[in-house]
Amino acid sequence: MGKLDRLNSILRRLGFEMIRYNKGTSAVLRRKALLDRYKMDLVIDVGANTGIFGKELRMAGYNGAIVSFEPLRDAFQILSSVANQDPDWEVNNFALGQENSKQEINISGNSHSSSILEMLDTHTNAEASAAYIGKQEIEIRKLDTIFPEVAGKAKEIFLKIDTQGFEMNVLKGASNSLDMINTVQLEMSLHPLYSGQALYNDIMSFFHQRGYKLIDIDPGFADLRTGVLYQFDGIFRKSEQKP
């Protein structure tokens, strides 16, 4: 057993692992390369939580504008404190969806699994910390309603959606905006984790009908007891553009 294997044996007992850094398999660096290649000047970050996605972009070297949306008050406070140090990062304390309204969101014990939709046992069986611990009333707006204000003079826009089963609702509220958005990254589920959510095949069909093609995937949430992958991130690019 090598030194790295021995070290990992110890770290895994603490919930960590050390791996060799590989530029070719880094999802963050692939995303940064995509942003650079198409000279994207705006990232719309839907479901920002505490700002992890935005921080990853900055650490990878993206210097363009970021506009984030996060409805949960506690997560938004942390997001705001991060974005306040960045003049090109704007944050909004509301969700995006299919209509302009107010709804209740279910608050997850781990925050990032919070959703407007009801969580299924499949999710909590795989991750007990995801169970709901409360509710909060939030505001929801359609991206189409605010898009001119959000997009400004941006020429190349990258839309990222991570809304725990609510992704299709966000897309339906962005029907007109998508005409001006060439690249979309969003979380997709292979198996239902939330009641009424659209699965990966529905979302892929939605994008294919609008002229996008899938150009990248990144595995996400899995049940470590069974080895079953439940979610992955997909990136879609309009097919009339360069692949």
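An account of the accompanying structure is given in this report. These numbers come from a predicted model, not from an experiment. (Residues numbered from 1 in each chain as written. Predicted model: local features only at pLDDT ≥ 70, side-chain atom pairs only at ≥ 80, totals over all residues. Heavy atoms only, no water.)

**Regarding the packing of aromatic side chains**
Item 1. Enumeration over the complete set of coordinates arrives at seven aromatic pairs.
Item 2. Between Phe206 and Phe207, the aromatic rings sit 5.5 Å apart at their centres with planes inclined by 90°, giving edge-to-face as the arrangement.
Item 3. Here a set of aromatic residues connected by ring pairs shows up, and it is made of Phe206, Phe207, Tyr212 and Phe236.
Item 4. Between the NZ or CZ atom of Arg237 and the centre of the ring of Tyr38, over which it lies, the distance is 3.6 Å. (Phe/Tyr/Trp six-rings, centres within 6.5 Å; stacked < 30°, edge-to-face > 60°. Lys NZ or Arg CZ within 6 Å of the ring centre and 35° of its normal.)

**Re the pattern of salt bridges**
Item 1. One pass over the full model with this rule turns up 10 salt bridges.
Item 2. Between Lys135 and Glu118 there is a salt bridge whose closest N-O contact spans 3.8 Å. On the criterion of sequence distance, the pair formed by Lys135 in strand E6 (residues 132-141) and Glu118 in the loop between strand E5 (101-108) and helix H5 (121-126) is long-range, its members being 17 residues apart.
Item 3. Owing to a relative accessible area of 49%, Lys135 belongs among the partly exposed residues under this scheme. (Salt bridge = Lys/Arg side-chain N within 4 Å of Asp/Glu carboxyl O. Helix = DSSP H or I, 4+ residues; strand = E, 2+ residues; numbered from the N terminus. Buried < 20%, exposed > 50% of the residue type's maximum accessible area, 1.4 Å probe, protein only.)

**Some details on the nonpolar core**
Across soluble globular proteins, nonpolar side chains have a tendency to be buried as a group.
Item 1. Membership of the largest hydrophobic core comes to 48 residues, with the highest contact counts inside it found for Ile44, Phe69, Leu178, Ile181, Val184, Leu186 and Phe207.
Item 2. The biggest single contributor to this core is helix H6 (residues 143-151), with five residues.
Item 3. Excluding residues that lie within four positions of it along the chain, Leu178 makes contacts with Leu159, Leu171, Val184, Phe206, Arg210, Tyr212 and Lys238.
Item 4. The next biggest cluster of nonpolar side chains, apart from the first, holds 16 residues, and it includes Val43, Phe76, Leu79 and Ile235. (Core = buried A, V, L, I, M, F, W, Y, C linked by side-chain atoms within 4.5 Å. Contact = heavy atoms within 4.5 Å.)

**Observations regarding helix H8 (residues 200-209)**
Item 1. Where H8 is concerned, the buried positions are Ile203, Met204, Phe206 and Phe207. Looking straight down H8, one finds its buried side chains confined to an arc of 155°; they lie on one side.
Item 2. For H8, the elements touching its buried residues are helix H7 (167-172), strand E8 (183-189), strand E9 (212-219) and strand E12 (231-238). (Arc of directions from axis to C-beta.)

**Things to note about the packing of helix H2 (residues 27-37) against helix H3 (residues 52-60)**
Item 1. Direction vectors running N to C along H2 and H3 enclose 70°, while the axes themselves pass 10 Å from each other. On the basis of the axis angle, H2 is roughly perpendicular to H3. Taking contact as the criterion, the partners of Val28, Arg31, Lys32 and Leu35 in H2 are, on H3, Phe53, Glu56, Leu57 and Ala60.
Item 2. Looking at the contact of H2 with H3 residue by residue, the class counts come to five nonpolar, no polar and three charged. (Axes fitted to C-alpha atoms, helices over the stretch in contact; angles between N-to-C directions. Parallel < 35°, antiparallel > 145°, perpendicular 65-115°, else oblique. Nonpolar A, V, L, I, M, F, W, Y, C, P; charged D, E, K, R; others polar.)

**A look at the side chain of Arg31**
Item 1. With respect to the helices, strands and loops of the structure, Arg31 is situated in helix H2.
Item 2. Setting aside residues up to four positions removed in sequence, Arg31 forms contacts with Phe53, Glu56, Leu57, Phe158 and Gln185.

**Considering the environment of Met40**
Item 1. In this structure, Met40 sits in the loop between H2 and strand E1 (42-46).
Item 2. Overall, Met40 belongs to the buried group, its relative accessible area being 6%.
Item 3. Discounting residues that sit within four places of it in the chain, Met40 has contacts with Leu34, Leu35, Tyr62, Glu156, Phe158, Thr183 and Arg237.

**Quick notes on the pairing of strand E7 (residues 157-161)**
Item 1. Counting buried residues along E7, five of its five residues qualify, which places the element largely inside the surrounding structure.
Item 2. Of the two faces of E7, the one lined by Ile157, Leu159 and Ile161 and the one lined by Phe158 and Lys160 are each fully buried.
Item 3. Examined bridge by bridge, E1 and E7 share five bridges and lie parallel to one another. Across the sheet, the residue bridging to Asp45 is Lys160, located in E7.
Item 4. Relative to E8, E7 runs parallel, the two sharing four bridges. The residue of E8 that forms the bridge with Ile161 is Leu186.
Item 5. In this view, the connection linking E7 to its parallel neighbour E8 by way of H7 has right-handed handedness. (Pairing = 2+ DSSP bridges. Right-handed = clockwise from strand over helix to strand, strands pointing away.)

**Examining H3**
Item 1. Among the residues of H3, those classed as buried are Phe53, Gly54 and Leu57. End-on view of H3: buried residues confined to an arc of 100°, all on one side of the axis.
Item 2. Residues of H3 that are buried sit in contact with H2, E1, strand E2 (65-69), strand E3 (89-92), E7 and E8.
Item 3. Remark: Gly61 follows H3 within two positions and exhibits a positive phi of approximately 110°.

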